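Commentary on secondary and tertiary structure
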Amino acid sequence: TGPSKERIGVRLTAAVSMSLEKDYRQALKNDAAKAGMRLAVRGLPVPDGFERQPFFAAPKDKRVQLKGEIVRAAAALHEAFEIDVDPAFFRDNGIEAAPVFVLEDDAGVIVRVHGAVTTRYALEVMWSELTDAKSFVVKKAGKVRVSQAKEAVLKAGCALSAGTLAGLSFMGEACE
């Protein structure tokens, strides 16, 4: 038997970029902490052309400089987000521009929402897709996956609403 793929259940991930406006990045970071959303970025925010510079062939002083740029990039990324550097997520999902909110499970993407929208709005769009019996998402994913996805979206939506006037429900569904 080959290596087993780690089971993820249903997971909400926002594919983001350091080029997003600072206040929006901060809002996503706050939402991620509340809603259990994973944030993913394609790579470290290093200077243009960095990846084309031959690191190992460079003289020692140049490698030291390049290592410093990597450390600064990692520090900037950490300051901006609690985040996973996950270029495979971007590649596997064909993500060319961020942000994109992706709801996925072990079988793959269930639904995605593109654009610089709030996390709550993205969850509302996902909920609408998951509760419309005629939607492509419902037909493609099947009853079990849709049921689990709805549960995850409801949990995230309720977590975002906690402590607000809307905290007792999300999209008309009661929160625990």
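For the structure given in this document, a descriptive report is provided here. Please read all numbers here as calculations on a predicted model, not as lab measurements.

1. Notes on the packing of helix 1 (residues 22–35) against helix 6 (residues 143–161)
Put simply, helix 1 and helix 6 touch, their axes get as near as 8 Å, and they point 115° apart. For helix 1 against helix 6, the interelement crossing comes out right-handed. Across from D31, K34 and A35 in helix 1, the residues of helix 6 making contact are A156, A159 and L160. Residue composition of the contact of helix 1 with helix 6, by class: four nonpolar, no polar and two charged.

2. A closer look at the pattern of salt bridges
Enumeration according to the criterion identifies five salt bridges in this entry. Between E104 and R11 there is a salt bridge, with the nearest N and O atoms lying 3.2 Å from each other. In this pair, E104 sits in strand 4 (residues 100–105) while R11 sits in strand 1 (residues 11–16), placing the two residues 93 residues apart along the sequence. The closest approach of N and O atoms between R145 and D105, which form a salt bridge, is 2.8 Å. Placement of the pair is R145 in helix 6 and D105 in strand 4, with a sequence separation of 40 residues. Of the two residues, R145 and D105, neither departs from the other in class, the shared state being buried.

Thresholds, definitions, all that
- Residues numbered from 1 in each chain as written.
- Predicted model: local features only at pLDDT ≥ 70, side-chain atom pairs only at ≥ 80, totals over all residues.
- Heavy atoms only, no water.
- Axes fitted to C-alpha atoms, helices over the stretch in contact; angles between N-to-C directions.
- Helix = DSSP H or I, 4+ residues; strand = E, 2+ residues; numbered from the N terminus.
- Left-handed = near helix turned anticlockwise from the far one by under 90°.
- Contact = heavy atoms within 4.5 Å.
- Nonpolar A, V, L, I, M, F, W, Y, C, P; charged D, E, K, R; others polar.
- Salt bridge = Lys/Arg side-chain N within 4 Å of Asp/Glu carboxyl O.
- Buried < 20%, exposed > 50% of the residue type's maximum accessible area, 1.4 Å probe, protein only.

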